[in-house]
Amino acid sequence: MVVKTETCSFSGFRIYPGKGTRFVRGDGKLLIFSNRKCKSYFHMRRRPAELNWTQLYRRMHKKGQQEETQKRRRTRKVAAVPKPVEGASLEVIKAKRTQRPEVRKTAKEAALKEIKQRQAAAAGKRKGGRGDATAATSKRTSAPPSTSEKKPAQVVVGSRKR
């Protein structure tokens, strides 16, 4: 047979049938106290978190939770398993991870250079059939500004420059 127990509104202790007192507050809330001590402390407006014999205090100060922490430590975390990506097998991914940064950098630069050459060749074909990719990729240098063009003088108003 299962016995229905209630919990004390102040201390958090279990209250068995036939024990405890009930108090109905002005707003209609029903409060159940396990004994006269809990009831009087409640009416004196004591905080159960500050009384070390209440369940709330024990919960806040982590008392009596040693068994639970030991159970938590036993659980193992699942290790992440590397999976192949579409277009690259697992061996290729592992090989790239183990590469040195210098090797990775040179491979990246070579790939970028090849892409730029392809783009330049495509741009040359669009312009007029010029297939000279090297001329398209070379940087155009502009002539230095002439000395005859001078900047306008700064206007001084008061003592500040604008």
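Residues numbered from 1 in each chain as written. Predicted model: local features only at pLDDT ≥ 70, side-chain atom pairs only at ≥ 80, totals over all residues. Heavy atoms only, no water.

Caption draft 1: Highlighting the overall build of the chain. Per the secondary structure count, the chain includes six helices and six strands. Counting from the amino terminus, the chain carries its helices and strands in the arrangement β-β-β-β-α-α-α-α-α-α-β-β. The buried share of the chain, reckoned over its 162 residues, is 10%. At a minimum sequence separation of 6, the contacts of the chain that also span at least 24 residues come to 23%. On the chain, roughly 15,500 Å² of surface is accessible, and the fraction owed to carbon and sulfur atoms is 52%. (Helix = DSSP H or I, 4+ residues; strand = E, 2+ residues; numbered from the N terminus. Buried < 20%, exposed > 50% of the residue type's maximum accessible area, 1.4 Å probe, protein only. Contact = heavy atoms within 4.5 Å. Areas by Shrake-Rupley, 256 points an atom, 1.4 Å probe, with all protein chains shown as cover.)

Caption draft 2: Just the pattern of salt bridges, in detail. Summed over the entire model, instances satisfying the criterion amount to four salt bridges. Linking Arg47 and Glu50 is a salt bridge whose minimum nitrogen-to-oxygen distance equals 2.8 Å. Of the two residues examined, Arg47 and Glu50, each falls in the exposed class. Notably, a salt bridge pairs Arg118 with Glu114, separated by 3.0 Å at the nearest N-O pair. Here Glu114 and Arg118 lie together in helix H5 (residues 101-128), a separation of four residues that amounts to about one turn. The exposure class assigned to Arg118 is exposed, which follows from its relative accessible area of 53%. Accessibility expressed as a relative area gives 44% for Glu114, which makes it partly exposed. (Salt bridge = Lys/Arg side-chain N within 4 Å of Asp/Glu carboxyl O.)

Caption draft 3: Examining the nonpolar core more closely. Cys8, Phe10, Ile15, Leu31, Ile32, Phe33, Cys38 and Leu51 together form the largest nonpolar core, which totals eight residues. Looking at this core element by element, the count peaks at three residues for strand S4 (residues 30-33). (Core = buried A, V, L, I, M, F, W, Y, C linked by side-chain atoms within 4.5 Å.)

Caption draft 4: Local environment of the side chain of Ser11. Structurally, the position occupied by Ser11 is in the loop between strand S1 (6-7) and strand S2 (14-15). The exposure class of Ser11 is buried, given its relative accessible area of 1%. Of note is the side chain of Ser11, whose polar atom sits 3.3 Å from the backbone nitrogen of Phe13. Leaving out residues up to four positions away in the same chain, Ser11 has contacts with Ser34, Cys38, Trp53, Thr54, Gln55 and Leu56. (Polar contact = N/O pair within 3.5 Å; in protein donor to acceptor, adjacent residues only side chain to side chain.)

Remember that the coordinates give geometry; whether it matters functionally is a separate question.
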